[in-house]
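Commentary on secondary and tertiary structure
In case you want the letters, here they are:
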Amino acid sequence: MKKFLSLAILMAMFITAYSQGIPSFDQSKLNDSRNAVYMPANDVVVNAPVNLQSGQRAMAPSETIIGNTWYDLQTNKSVQNRIFLYDDGSIGATWTKGDEASAFPDRGTGYNFYNGTEWNPNPMGRIESLRCGWPSYSPLGTDGELVISHDFGAHTLILNQREVKGSGNWVESVFSYSSGPPALSWPRHITSGTEHNNIHLLVNSYEAYMGMTTAVVYSRSTDGGESWDIENMIIDGMGIDDYLEISA
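Structural notes, computed from the coordinates. (Residues numbered from 1 in each chain as written. Predicted model: local features only at pLDDT ≥ 70, side-chain atom pairs only at ≥ 80, totals over all residues. Heavy atoms only, no water.)

With that settled, the discussion passes to the nonpolar core. Counting 17 residues, the largest nonpolar core has Ile148, Leu157 and Phe175 as the members making the most contacts within it. Those elements giving two or more residues to this core turn out to be β5 (144-151), β6 (156-162), β9 (198-204) and β10 (216-221). Residue contacts for leucine 157: discarding those within four places in its chain leaves Ile148, Ser149, His150, Ser173, Val174, Phe175, Leu184, Ser185, Pro187, Leu201 and Val203. Tyr86, Tyr111, Val147 and Trp170 belong to the second largest nonpolar core, which has seven residues in total. (Core = buried A, V, L, I, M, F, W, Y, C linked by side-chain atoms within 4.5 Å. Buried < 20%, exposed > 50% of the residue type's maximum accessible area, 1.4 Å probe, protein only. Helix = DSSP H or I, 4+ residues; strand = E, 2+ residues; numbered from the N terminus. Contact = heavy atoms within 4.5 Å.)

In space, the four strands of this open sheet follow the order β8-β9-β10-β11, with antiparallel pairing throughout. Of all the strands in the sheet, the pair left with one neighbour each is β8 (185-192) and β11 (230-233). In this sheet, neighbouring strand axes are inclined to one another by 15° on average, regardless of whether the strands run parallel or antiparallel. For β8 and β9, the ladder comprises six bridges, and the chain directions are antiparallel. (Pairing = 2+ DSSP bridges. Axes fitted to C-alpha atoms, helices over the stretch in contact; angles between N-to-C directions.)

All right, on to the packing of aromatic side chains then. Counting across every chain of the model gives 11 aromatic pairs. Their ring planes at 85° and their centres at 6.0 Å tell us that tyrosine 71 and tryptophan 134 sit as a pair that is edge-to-face. Of this pair, tyrosine 71 sits in the loop between α2 (27-35) and β1 (83-85) while tryptophan 134 is found in strand β4 (residues 133-140), placing the two residues 63 residues apart along the sequence. The exposure class assigned to tyrosine 71 is buried, which follows from its relative accessible area of 12%. Under the relative-accessibility criterion, tryptophan 134 is labelled buried at 4%. Ring centres of tyrosine 114 and tryptophan 119 lie 5.4 Å apart, and the angle between their planes is 45°; on these two criteria the pair is classed as tilted. Exposure remark for tyrosine 114: the relative accessible area of 21% places this residue in the partly exposed category. The class for tryptophan 119 is partly exposed, based on a relative accessible area of 23%. Cluster of aromatic residues (ring-pair linked, three or more members): Tyr71, Phe104 and Trp134. (Phe/Tyr/Trp six-rings, centres within 6.5 Å; stacked < 30°, edge-to-face > 60°.)

A separate point is the pairing of β5. The buried count for β5 comes to eight of eight residues, which makes it a mostly enclosed element. The side-chain alternation of β5 yields two buried faces, one formed by Gly144, Leu146, Ile148 and His150 and the other by Glu145, Val147, Ser149 and Asp151. Pairing between β4 and β5: six bridges, direction antiparallel. Looking at the pairing, glycine 133 lines up with histidine 150 of β5. Hairpin geometry of β5 and β6 is characterised by an intervening segment of four residues between the two adjacent antiparallel strands and by a positive phi of about 55° at histidine 155.

For the rest of this paragraph, the subject is the side chain of lysine 97. Along the chain, the position of lysine 97 falls in strand β2 (residues 91-97). Within the structure, the side chain of lysine 97 is placed 2.9 Å from the backbone oxygen of asparagine 68, a separation counted as a polar contact. A distance of 3.0 Å separates polar atoms of two side chains, one belonging to lysine 97 and the other to aspartate 99. If sequence neighbours within four positions are ignored, lysine 97 has contacts with Asn68, Thr69, Asp106, Arg107, Gly108, Thr109, Gly110, Pro123, Met124 and Gly125. (Polar contact = N/O pair within 3.5 Å; in protein donor to acceptor, adjacent residues only side chain to side chain.)

Note on placement: tryptophan 186 falls in strand β8. Distance from tryptophan 186 to leucine 202, taken between C-alpha atoms, is 8.6 Å for residues 16 residues apart in sequence.

Here is the structure:
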């Protein structure tokens, strides 16, 4: 009898504890869900007030079309210096221009100039005499300008320069050197000095060079491109001990 009573007490305690752990359930909620009518979301239109925020712009946008191109690959991973704002407010601007898809035999440098008041008419063709690409632009001399692009077929660099920015004929030449990679492509350059006669040129070797799959080499001219006192040097920290390849 004592054993039966003890067992009954234990069972009662277990049932009480278990029942306290089960959340109560409202049967009416289940009935409501069974009787609910589904209404698609697009049957209900909710009009909520819209609070439009506006503020004063730091600078109103102003755009001018200065040229056209159908050639989409403008950067090839990184872009050169393409635009320069001069101290007198004038602007020289370049881009890779090509209109004859899909081989683009007319590819070359598109160029336009802003004299401080208005842009020149949109250019109809390139400034180079042969198919080029990826121009790098800078001031040169006291009032001139320089464009360096590449002839990808021959893997040579083409320099176009003139003494007065925005006007006159371009003087074209090929970058010549005595030592360095046999093939050069994708130039980037800047000019420095009080009269912008120092040209600093970085260019890709395109092919294997000095143990690297492709390398980047540096050249310098201190006389506006008449001569080069540094030719295709690998800068410390950019050689085979640091990189296997530096691509375009």
